[in-house]
2 protein chains.
Amino acid sequence: MEGYRILEIKQSVFENNDREADRLREELKKNRTFLLNLMSSPGSGKTTTLRRTIEALKDELRIGVMEADIDSDVDAATIEKTGVKVIQLHTGGMCHLDAGMTKQGLEGLGVEDVDLAILENIGNLVCPAEFDTGAVKNAMILSVPEGDDKPLKYPLMFSVCDVLLINKIDVLPYFDFDIEKCSEYVRRLNPNMKIIPISSRTGEGIGAWADWLREQTRAWIEG
Amino acid sequence: MEGYRILEIKQSVFENNDREADRLREELKKNRTFLLNLMSSPGSGKTTTLRRTIEALKDELRIGVMEADIDSDVDAATIEKTGVKVIQLHTGGMCHLDAGMTKQGLEGLGVEDVDLAILENIGNLVCPAEFDTGAVKNAMILSVPEGDDKPLKYPLMFSVCDVLLINKIDVLPYFDFDIEKCSEYVRRLNPNMKIIPISSRTGEGIGAWADWLREQTRAWIEG
């Protein structure tokens, strides 16, 4: 039997998503829970990166994961094996999560005993960038096979994120991907973006990413 | 100076997109123009595949290309080098194209002298699947690095397409991607899907894809 629930989330009824997102952050602050919103294209390696992140941090932080997908529960099943609390959110066709939907997810997950909550958003570089989920920080993954020109085409996503993980660097020799060029495109949109090259397959760079996330989480829950 | 225009397309005013799409197909039929809607995640290789497709067919068919993007004109600049007619469509943040927007694009491109018009849709596996653009056929690309489980997560896209190109098969040795398993997932959703493995880098499989597209185009414009 699965140890995780599947929650069918409903479209939000709130007119003002930004206000709802601010309220959610206040609640999270009171509860001493840090919420990370993780976004990327389909297949960039969100779930594998998440598994590595959990391995790196689960002995220090109490972690809870919300896996959002239009359909299927393959990701929740993967994350469950790490031993952390996980819930699968089904959006019923919706291409993004907003603050109201994230709130439903957090209630379904239960965050009383969670220091670090992670929302794996729908695989989409467009729509999720337009909605504040109430997360404390936004992270995104761009993987090497997707190409270094993606900041030019999906500028909003690269503008709203605090950290960019450039994933699948183990396959750099097989693709034309210039990390310097990509970073330059990103910095033009977002000079403060923290950029961390990683390979969720080999584990390279996961230490630097876990350090960043640990520091952000501690600053929020202890601040 | 660039040889292509950039057209800022507006949100559609039509209430009934399906009816508008049917009307657009009727117009295309009268004009003897076949319209292909090409969809995929960001970075799956739409533009490179398109370049290969144009090379394979441009001596037999008069081709016109609409490059849709939220921003930038890197794709139109790439396609222009092939010598075919091309226009860059900017959607102003919109995550998909509907029939009304496609109609604006076709008018901007001019299809009186076009046998095969190709719309490169926004890189997104979610929203574009929900809107009939008025295309005669829908094609999608899934690339090997994205993973073979994508049909489970984005079922609508795999349901509405007529043909699936599995791209980047030249890097199969470096990824865990099972073509058989992927095809089985796809066929459960869409038993009629034509599946063609390709590498737009090496050219492998492009012949089979060009054959399919030539046949579809001829049947439409001569039928």
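What counts, and at which threshold
Residues numbered from 1 in each chain as written. Chains lettered and ligands numbered in written order. Predicted model: local features only at pLDDT ≥ 70, side-chain atom pairs only at ≥ 80, totals over all residues. Heavy atoms only, no water. Phe/Tyr/Trp six-rings, centres within 6.5 Å; stacked < 30°, edge-to-face > 60°. Helix = DSSP H or I, 4+ residues; strand = E, 2+ residues; numbered from the N terminus. Buried < 20%, exposed > 50% of the residue type's maximum accessible area, 1.4 Å probe, protein only. Lys NZ or Arg CZ within 6 Å of the ring centre and 35° of its normal. Least-squares fit on C-alpha atoms with pLDDT ≥ 70 in both. 1 Å grid on protein atoms, 1.4 Å probe; cavity = no way out; pocket = protein on both sides within 12 Å on 5 of 7 lines; lining within 4 Å. Points joined across faces, edges and corners; volume = space filled by probe spheres on them. Nonpolar A, V, L, I, M, F, W, Y, C, P; charged D, E, K, R; others polar. Arc of directions from axis to C-beta. Polar contact = N/O pair within 3.5 Å; in protein donor to acceptor, adjacent residues only side chain to side chain. Pairing = 2+ DSSP bridges. Axes fitted to C-alpha atoms, helices over the stretch in contact; angles between N-to-C directions. Contact = heavy atoms within 4.5 Å. Parallel < 35°, antiparallel > 145°, perpendicular 65-115°, else oblique. Left-handed = near helix turned anticlockwise from the far one by under 90°. Buried area = accessible area lost by both parts, 1.4 Å probe. Salt bridge = Lys/Arg side-chain N within 4 Å of Asp/Glu carboxyl O.

Trainee: When you look at the packing of aromatic side chains in this model, what are you seeing that I'm missing?
Mentor: The description of two aromatic rings rests on the distance between their centres and on the angle between their planes. Taken as a whole and assessed by the stated rule, the structure comprises 4 aromatic pairs over all chains. Ring geometry for Tyr-174 of chain A versus Tyr-174 of chain B: centroids 3.6 Å apart, planes at 10 degrees, classification stacked. Of this pair, Tyr-174 of chain A sits in the loop between strand E7 (163-167) and helix H7 (179-189) while Tyr-174 of chain B sits in the loop between strand E7 (163-167) and helix H7 (179-189), which puts the two residues in different chains. Judged by relative accessible area, Tyr-174 of chain A falls into the partly exposed class, the value being 29%. Between the aromatic rings of Phe-175 of chain A and Phe-175 of chain B, the centroid separation amounts to 6.3 Å while the plane-to-plane angle is 75 degrees, which identifies the pairing as edge-to-face. Remark: Phe-175 of chain B occurs in the loop between E7 and H7 and Phe-175 of chain A occurs in the loop between E7 and H7; the pair is interchain, linking two chains. For the pair Phe-175 of chain A and Phe-175 of chain B, a shared accessibility class is recorded, and that class is buried. Between Lys-29 of chain A and the ring centre of Trp-220 of chain A, over which it is positioned, the NZ or CZ distance is 4.5 Å.

Trainee: Looking at this structure, how should I read the relation of the copies chain A and chain B?
Mentor: Note on the identical chains: chain A maps onto chain B by a rotation of 180 degrees and an axial translation of 0.0 Å, with an RMSD of 0.0 Å. The transformation just described matches what one would write down for a two-fold rotation axis.

Trainee: What's the story with empty space enclosed by the protein in this structure? I'm lost.
Mentor: Empty pockets left among the atoms are what a rolling probe the size of a water molecule brings to light. Summed over all chains, the structure comprises 1 cavity of 30 Å³ or more. One number sums up the size of the largest cavity: a volume of about 50 Å³. In terms of lining residues, the largest cavity is bounded by Pro-42, Gly-43, Ser-143, Pro-145, Glu-146 and Lys-168 of chain A together with Pro-42, Gly-43, Ser-143, Pro-145, Glu-146 and Lys-168 of chain B. Its residues assigned to classes, the lining of the largest cavity comprises 4 nonpolar, 4 polar and 4 charged.

Trainee: What's the story with H7 of chain B in this structure? I'm lost.
Mentor: Residues spaced three or four apart along an α-helix face the same direction, because each turn holds 3.6 residues. Residues and elements named next belong to chain B. Three or more residues of H7 are buried, namely Cys-182, Ser-183, Tyr-185 and Val-186. For H7, the angular spread of the buried residues around the axis is 160 degrees, confining them to a single face. Opposite its buried face, H7 presents the exposed residues Glu-180 and Arg-188, each directed more than 90 degrees away. Structurally, the start of H7 carries an N-cap: the backbone nitrogen of Glu-180 is 3.0 Å from a side-chain oxygen of Asp-178.

Trainee: I'm lost on the sheet that holds strand E6 (residues 137-143) of chain B in this one. Help?
Mentor: Residues and elements named next belong to chain B. If you trace the 8 strands from one edge of the open sheet to the other, you get E1-E4-E3-E5-E2-E6-E7-E8, paired in parallel fashion. The sheet is open, and its two edges are formed by strand E1 (5-8) and strand E8 (194-197), each paired on a single side. Neighbour-to-neighbour, the strand axes of the sheet open up by a mean angle of 20 degrees, direction not taken into account. Strand direction decides the pairing type here: strand E3 (residues 63-69) and strand E5 (residues 116-120), joined by 5 bridges, are parallel. Along E5, the bridge assignment pairs Val-65 with Ile-118. Sitting on the sheet, H7 touches E6, E7 and E8, and the angle it makes with E8 is about 160 degrees.

Trainee: When you look at the sheet that holds strand E2 (residues 34-40) of chain A in this model, what are you seeing that I'm missing?
Mentor: Where strands meet in a sheet, backbone hydrogen bonds hold them as pairs that are either parallel or antiparallel. Residue and element names in this part refer to chain A. A sheet is described by the order of its strands in space; here 8 strands give the open sequence E1-E4-E3-E5-E2-E6-E7-E8, paired in parallel fashion. Looking at which strands have only one partner, the edges of the open sheet turn out to be strand E1 (5-8) and strand E8 (194-197). Ignoring which end each strand starts from, the neighbouring axes of this sheet average 20 degrees apart. Summarising the sheet, E7 and E8 pair through 4 bridges and their orientation is parallel. If you follow Leu-164 over to E8, its bridge partner there is Ile-195. Against the sheet, H7 contacts strand E6 (137-143), E7 and E8, and its axis sits at roughly 160 degrees relative to E8. Across the sheet, helix H8 (residues 206-222) lies against E2, strand E5 (116-120), E6, E7 and E8, angled at about 145 degrees from E2, the strand it touches most.

Trainee: Whenever I open this one, the packing of helix H2 (residues 46-57) of chain A against H8 of chain A confuses me. Can you help?
Mentor: Geometrically, a packed helix pair is captured by the angle between its two axes and the distance between the axes. Residue and element names in this part refer to chain A. Between H2 and H8, whose axes approach to 10 Å, the crossing angle comes to 70 degrees. In this view, H2 runs roughly perpendicular relative to H8, as classed from their interaxial angle. In the crossing of H2 with H8, the sense of the turn from one axis to the other is right-handed. Contact residues: H2 offers Thr-49, Arg-52, Thr-53, Ala-56 and Leu-57, while H8 offers Ile-206, Trp-209, Ala-210, Leu-213 and Arg-214. Split into classes, the residues belonging to the contact of H2 with H8 amount to 6 nonpolar, 2 polar and 2 charged.

Trainee: Just to check I follow, could you spell out the packing of helix H1 (residues 17-31) of chain B against helix H4 (residues 99-109) of chain B for this structure?
Mentor: Residues and elements named next belong to chain B. One way to put it is that H1 packs onto H4 with a least axis distance of 8 Å and a crossing angle of 30 degrees. Accordingly, the angle class assigned to the pair H1 and H4 is roughly parallel. Packed against H1, whose contacting residues are Asn-17, Glu-20, Ala-21, Leu-24, Glu-27 and Leu-28, the element H4 presents Ala-99, Gly-100, Thr-102, Lys-103 and Leu-106 at the interface. Along the lines of polarity and charge, the residues of the contact of H1 with H4 split into 5 nonpolar, 3 polar and 3 charged.

Trainee: So what exactly am I meant to see when it comes to the layout of surface pockets here?
Mentor: Taken as a whole, the largest pocket holds about 870 Å³ of empty space. Gly-45 and Thr-48 of chain A together with Gly-147, Asp-149 and Asp-176 of chain B are, among the 36 residues lining the largest pocket, the residues nearest its centre. Those elements giving two or more residues to the lining of the largest pocket turn out to be H2, strand E3 (63-69) and helix H3 (74-80) of chain A together with helix H5 (150-153) and H7 of chain B. It is H2 of chain A that provides the largest number of residues to the lining of the largest pocket, a total of 4 residues. Among the residues forming the lining of the largest pocket, the class breakdown is 9 nonpolar, 12 polar and 15 charged. Size it by volume and the second largest pocket reaches roughly 720 Å³. Contributing elements (two or more residues each) for the lining of the second largest pocket: helix H5 (150-153) of chain A together with helix H2 (46-57), E3 and helix H3 (74-80) of chain B. Here the element with the most residues in the lining of the second largest pocket is H2 of chain B; it accounts for 4 residues.

Trainee: Looking at this model, I keep getting lost on the interface of chain A and chain B. Mind explaining?
Mentor: Accessible area lost upon the coming together of the parts is a frequently used measure of interface size. Taken together, the 32 residues of chain A in the interface contact 32 residues of chain B. Together, the buried faces of chain A and chain B total about 2500 Å²; carbon and sulfur atoms form 59% of this surface. Summed over the shared surface of chain A and chain B, the result is 2 salt bridges. Remark: the boundary between chain A and chain B carries 8 residue pairs in polar contact (both at pLDDT 80 or more). Broken down by secondary-structure element, the contributors of at least two residues to the side of chain A that touches chain B are H3 and H5 of chain A. It is H5 of chain A that contributes the most residues to the side of chain A that touches chain B, 3 residues altogether. Of the residues assigned to the side of chain A that touches chain B, the class counts are 15 nonpolar, 7 polar and 10 charged.

Remember, this is a structural readout, not a statement about activity or role.
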